Amino acid sequence: VNGLAHIHSKGIIHRDLKPANIFASSDDGTWMIGDFGLSKMMRDAQQGGGVDPLDHSQTMTTAIILPDGKHSNGQHTAGVGTASYAAPEQITHKNYGPAVDIFSLGLILLELFSNFTSEHERAVAFHDCRYHGKLAPWMRRIYPEVSSLVQACTQKDWTQRPTASEILSASVFQEGLSGVEIYRAELKALSGELARKDDVIQ
């Protein structure tokens, strides 16, 4: 989230945020965003100008960040990015802004707090979240704040998604849960999942 807040403040949309493009440093455990091959430079339409160092074509397409930090639209290439993590507007439209990265972030957060045992299970959870705004009942019960954040990030209406800076100030990141508390919550979630699967097997 720090990385997204930074690149968005520099006028860059990543456009392909997914677990495979998030790396951990072996030195100090710092998490880093990588693979900026599909990223796009943005510019403020009110100020004009702005050169895209990552776009070597003759045409300049832009997205707009409004003065209040909210996302605005700009023309880009539709259908860019990994489909399972891409925001709806990124797949079907040319008008989108940094909110597409926030949508991807929400799905990554959903994946981090889930225990998918198959690609099918993951696909169903992503589909329910993406198209219906629904999360598994156990997740809403055990991780209510995380669930709220996932749902906020994956709003269909991009104007309703929080910015990366707003997410940084959200209470879920200030709770300061200890490793033991997180571990206990995970055990509780996994125990519930095992019980449900045992019922299915029986």
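Please read all numbers here as calculations on a predicted model, not as lab measurements.

*Asks:* Would you explain the overall build of the chain in this entry?
*Replies:* Within the chain one finds eight helices and four strands. Ordering the α and β elements of the chain from the N terminus gives α-β-β-β-β-α-α-α-α-α-α-α. The buried share among the 202 residues of the chain stands at 37%. Residue pairs in contact within the chain that sit at least 24 positions apart in sequence constitute 55% of those at least 6 positions apart.

*Asks:* Help me understand helix H1 (residues 2-9), please; the structure alone is not making it clear to me.
*Replies:* Along an α-helix, residues three or four positions apart point the same way, because every turn accommodates 3.6 residues. Every buried residue of H1 is listed here: Leu4, Ala5, Ile7 and His8. Where the residues of H1 are buried, they touch strand S1 (12-13), strand S3 (31-33), helix H3 (99-112) and helix H7 (164-168). Following H1 by one or two positions, glycine 11 has its phi on the positive side, about 80 degrees.

*Asks:* Is there a simple way to explain the pattern of salt bridges in this structure?
*Replies:* Where side chains of opposite charge bring their charged atoms close, a pairing between them can arise. Scanning the entire structure with this criterion turns up five salt bridges. Residue arginine 122 is joined to glutamate 119 by a salt bridge in which the shortest nitrogen-to-oxygen separation is 3.0 Å. Of this pair, arginine 122 and glutamate 119 both sit in helix H4 (residues 119-132), three residues apart, which is roughly one turn of the helix. Of the charged contacts, one joins glutamate 121 and lysine 197 as a salt bridge, the two residues approaching to 3.9 Å between their closest N and O atoms. Taken as a pair, glutamate 121 in helix H4 and lysine 197 in helix H8 (residues 179-201) lie far apart in primary sequence, 76 residues in all. Assessed through its relative accessible area of 25%, glutamate 121 is described here as partly exposed. Residues joined by salt bridges that share partners form a network here, namely Glu111, Glu119 and Arg122.

Rules used in this analysis
Each chain has its residues counted from 1, running along the sequence as written. A pLDDT threshold of at least 70 governs which residues receive local features in this predicted model, and a stricter bar of 80 or more applies before side-chain atom pairs are shown or counted, although totals over entire chains, interfaces and linings include all residues. As a convention, hydrogens and water are excluded, and side-chain values are obtained from all of the structure's heavy atoms. A run of H or I in DSSP counts as a helix once it spans at least four residues, and a run of E counts as a strand once it spans at least two, with each numbered from the N terminus. Throughout this description, buried means an accessible area under 20% of the type-specific maximum (1.4 Å probe, protein chains only), exposed means over 50%, and partly exposed covers the range between. Any pair of residues with heavy atoms lying within 4.5 Å of one another is described as a contacting pair. Salt bridge criterion: a side-chain nitrogen from Lys or Arg within 4 Å of a carboxyl oxygen from Asp or Glu.

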